[in-house]
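A structural walkthrough
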Amino acid sequence: MHTLSRILNDHPELALFLTLAIGYAIGKFRVGSFTLGSVAGCLIAGVLIGQTGVEVANDVKQAFFLLFLFAIGYRTGPQFFRSLNREALPQIAITALVCVVGLAVVWALAALLGLNVGSAAGLLAGAMTESATVGVAIDTFRKTGAQEAVQRAFEADVATAFAVSYLVGVIATILVLSQLLPRLLARPLREACAEMEAKLNAAAEGQTTGESARRAIEARAFVVDPRWVGMSVLEAEAQVPRGAKAYIEQIRRGSDIVAAYPDFRFETGDVVAVAGLRGLLVDKGAGIGREIDDAELLDIPTETLDVVVTKKSVIGKTLFELRREPEARTIFLRKMTRLGEDLPAYGGLKVERGDVMTIVGSRKHVEEAAAVVGYADRPTTATDMVYVAMFIFFGGMIGIPALRIGALELGLGVAVGTLLGGLVAGWLRARRRTFGFVPAATLWLFDSVGLSAFIACVGISAGPSFVSGLLASGPALVLITIVVVVASHGLAVLVGTRLFKMNEGVLLGTCCGAGTSAPALAAVQDVAKSSVPALGYGLGYAIGNVLLALWGAVLVTVLGGAG
């Protein structure tokens, strides 16, 4: 151990990567359906490694944190700016209420119980499960001009409070939103979600997830029935049952294969390649004609493509409205995603800027549809690092100016400025696809590794005093965390149901987003047996991330300034 300690102290960069390795391993630990997560795992690992006395340069910690903040902003930017409209006011108000009540309760109880500003900041971050609050609080406290020893003590208090309250906060948020509050609603959660599904005319046919040997969407070849002779392609496709979807891709006439344009009229012996949902073709195939295996006719290049919504002509329309567009006739919607969360593809669902539509069809038709909706998000490993680095730089520069009052500086700070820079970068990328591309894998690296490395550094610096701090304030932190979660989400649900008359499923999903808790969303959807809560999650998550990050600066400014 002495040799390992010496090596780590001589090479702190190795200590950081050892912490990440141990932290991610701890984060995979599972109890039932609950996993600890990489954030908590890296904090615990950092505390353990910190017992060796190793020190990691503060600049390294801040660099990782800025990557994390940029990733948050980049991902949520389109949804954040899109949400600033009258129609979204109830969800905005509920999100703000959750965040404001969380801040107020922490502020009040910290003062009542005599917790210092570091413990209060870590408590707020953990109870609301928003790790960005930790970094913004540390960045803000550094500008107070406190001595190095005081700053170290502050970071140790933040890490201790965050370690306790984060674990409790994750569990409490899941239980409160999925078990406690649904029992207090005026009607069962499943009933509320079923009502919303009916309102949105639930369910896109053919929506699939994962891999399966069964093909939900396929093409089959049929020798046309005599009653089709003389009928046009447009007239034949008009016979597809309402709510179903199938179209004629191409036609064999003799030895020739021709495109199926709307005015094409069938003759005896024509063979048609019909693409559609498997169930529909199985049930209705006999009405089309005798099925045959025509390999050449069915050899149609197909593609599954992610398309990012950016076109103004599409934004705000429902899926039913988009389905009537000419380009939608020959493609199928497989999945809808918003901020990384799958959405139920209900016909009444309104499409928003930045949504990702996974569509399936022949390559030609898929590309035509992509041009109408926005742009194709094809897999690539290329990251526009000029774009990323410049927005981090300029965002940080915006955050530097501050108003000095005595020893206290009031300003956004580099961290909040970088978050805002990320928001603008993501929004601009959603509007123009010619620059600023960051692949999902790179975004994950910035988000997950950026945050985990930052938290690991916080844990390492807090290591020597962590245990004593935990023993001194642990019970109080657990109690306050539970109060924060119950008060913030309980009041939000009360106001949402009584004042705004929101659908209970959407309301609980908004609360999950406001508390930045994807595990809680999964638990709520499981209880509801519906994907309706996901409709509220995206907007709550986008605004909640920004507000809770700002709260780190607000709390330190208020409590630190008061002190």
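Residues numbered from 1 in each chain as written. Predicted model: local features only at pLDDT ≥ 70, side-chain atom pairs only at ≥ 80, totals over all residues. Heavy atoms only, no water.

Section: the pattern of salt bridges
Per the counting criterion, the structure on display carries 21 salt bridges. The salt bridge involving Arg220 is made with Glu218; its shortest N-O contact spans 2.8 Å. Exposure remark for Arg220: the relative accessible area of 16% places this residue in the buried category. Classification of Glu218 as buried rests on a relative accessible area of 11%. A salt bridge links Asp526 to Lys529; its shortest N-O distance comes to 3.6 Å. With relative accessibility at 49%, the residue Asp526 sits in the partly exposed group. Here Lys529 falls in the exposed class, since its relative accessible area comes to 54%. Among the charged side chains, a salt-bridge network with shared partners connects Glu218, Arg220, Arg278 and Glu291. (Salt bridge = Lys/Arg side-chain N within 4 Å of Asp/Glu carboxyl O. Buried < 20%, exposed > 50% of the residue type's maximum accessible area, 1.4 Å probe, protein only.)

Brief notes about the nonpolar core
With 133 residues, the main nonpolar core has Leu319, Met336, Met357 and Ile359 as its most contacted residues. Considering every element that reaches this core, the biggest residue donor is helix 20 (residues 534-562), with 16 residues. Apart from the residues within four sequence positions on either side, Met357 is in contact with Leu305, Asp306, Val307, Val309, Leu319, Leu322, Leu333, Lys335, Met336 and Val373. Phe222, Ala236, Ala244 and Val274 belong to the second-largest nonpolar core, a separate cluster that totals 24 residues. (Core = buried A, V, L, I, M, F, W, Y, C linked by side-chain atoms within 4.5 Å. Helix = DSSP H or I, 4+ residues; strand = E, 2+ residues; numbered from the N terminus. Contact = heavy atoms within 4.5 Å.)

A closer look at the side chain of Arg187
Following the sequence through the fold, Arg187 ends up in the loop between helix 8 (148-184) and helix 9 (189-199). Side chain to side chain, Arg187 and Glu195 meet in a polar contact 3.0 Å long. Apart from residues lying up to four places away in sequence, Arg187 is in contact with Ala192, Glu195, Asn503 and Glu504. (Polar contact = N/O pair within 3.5 Å; in protein donor to acceptor, adjacent residues only side chain to side chain.)

Brief notes about the sheet that holds strand 3 (residues 217-224)
Taken in spatial order, the 5 strands of this open sheet run 5-4-6-3-7, and their pairing is antiparallel. Each edge of the open sheet carries a strand with a single partner, namely strand 5 (256-259) and strand 7 (289-292). For this sheet the average axis-to-axis angle between neighbouring strands, irrespective of direction, equals 35 degrees. Alignment of strand 3 against strand 7, held across 4 bridges, turns out to be antiparallel. Counted as the bridge partner of Val224 is Gly289 from strand 7. (Pairing = 2+ DSSP bridges. Axes fitted to C-alpha atoms, helices over the stretch in contact; angles between N-to-C directions.)

Observations regarding the packing of helix 4 (residues 58-82) against helix 15 (residues 385-399)
Running from N to C, helix 4 and helix 15 cross one another at 105 degrees; their axes reach a closest spacing of 11 Å. Classified by the interaxial angle, the pair formed by helix 4 and helix 15 is roughly perpendicular. In contact with Leu66, Leu67, Phe70 and Tyr74 of helix 4, helix 15 contributes Tyr387, Val388, Phe391 and Ile392. Residue composition of the contact of helix 4 with helix 15, by class: 8 nonpolar, no polar and no charged. (Parallel < 35°, antiparallel > 145°, perpendicular 65-115°, else oblique. Nonpolar A, V, L, I, M, F, W, Y, C, P; charged D, E, K, R; others polar.)

Points about helix 6 (residues 117-127)
Counted residue by residue, helix 6 has 11 buried out of 11 residues, so it is predominantly covered. Every buried residue of helix 6 is accounted for by Val117, Gly118, Ser119, Ala120, Ala121, Gly122, Leu123, Leu124, Ala125, Gly126 and Ala127. Backbone nitrogen of Gly118 and a side-chain oxygen of the N-cap are separated by 3.2 Å at the start of helix 6; the cap is Asn116. Within two residues after helix 6, Thr129 carries a phi angle of roughly 50 degrees, on the positive side.

Points about a nonpolar patch on the surface
There is a patch of nonpolar side chains on the surface, built from Val386, Met390, Phe393, Phe394, Met397 and Ile400 and spanning about 600 Å² of accessible area. As for its position among the elements, Met390 is in helix 15. According to the relative accessible area criterion, Met390 is partly exposed, its value standing at 36%. (Patch = residues over 30% accessible without salt bridge, like charges linked within 9 Å, V, L, I, M, F, W, Y side chains within 5 Å. Areas by Shrake-Rupley, 256 points an atom, 1.4 Å probe, with all protein chains shown as cover.)

So, helix 3 (residues 38-50)
The first and last C-alpha atoms of helix 3 sit 17 Å apart over 13 residues, in line with the 18 Å expected at 1.5 Å per residue. Among the 13 residues in helix 3, 10 count as buried, and that is most of the element. For helix 3, the set of buried residues is Val39, Ala40, Gly41, Cys42, Leu43, Ala45, Gly46, Val47, Ile49 and Gly50. Where the residues of helix 3 are buried, they touch helix 1 (2-10), helix 2 (12-27), helix 8 and helix 17 (440-498). (Expected span 1.5 Å × (residues − 1).)

Focus: unusual backbone geometry
Backbone geometry at Thr129 places phi at a positive 50 degrees, although glycine is not the residue there. Judged by its relative accessible area of 9%, Thr129 falls in the buried class. Phi is positive for Lys501, which is not a glycine, with a value near 55 degrees. Mapped onto the secondary structure, Lys501 falls in the loop between helix 17 and helix 18 (504-514).

Looking at the packing of helix 5 (residues 89-113) against helix 17
At a minimum axis distance of 9 Å, the contact between helix 5 and helix 17 shows a crossing angle of 145 degrees. By crossing handedness, the relation of helix 5 to helix 17 is classed as right-handed. Residues Ile94, Leu97, Val98, Val101, Gly102, Val105, Val106, Leu109 and Leu113 of helix 5 lie in contact with helix 17, whose contacting residues are Ile480, Val483, Val484, Ala487, Ser488, His489, Leu491, Ala492, Val495 and Gly496. Considering only residue class, the contact of helix 5 with helix 17 consists of 15 nonpolar, 4 polar and no charged. (Left-handed = near helix turned anticlockwise from the far one by under 90°.)

Describing the confidence of the model for the protein
Detailed reading of predicted coordinates is not advised where the pLDDT is low. Mean pLDDT over the protein stands at 87; residues scoring 70 or higher make up 94%. Low confidence marks residues 203-214, where pLDDT is under 50. Its contacts with residues over four positions away, or in another chain, come to 25 contacts. (pLDDT = per-residue confidence, 0-100.)

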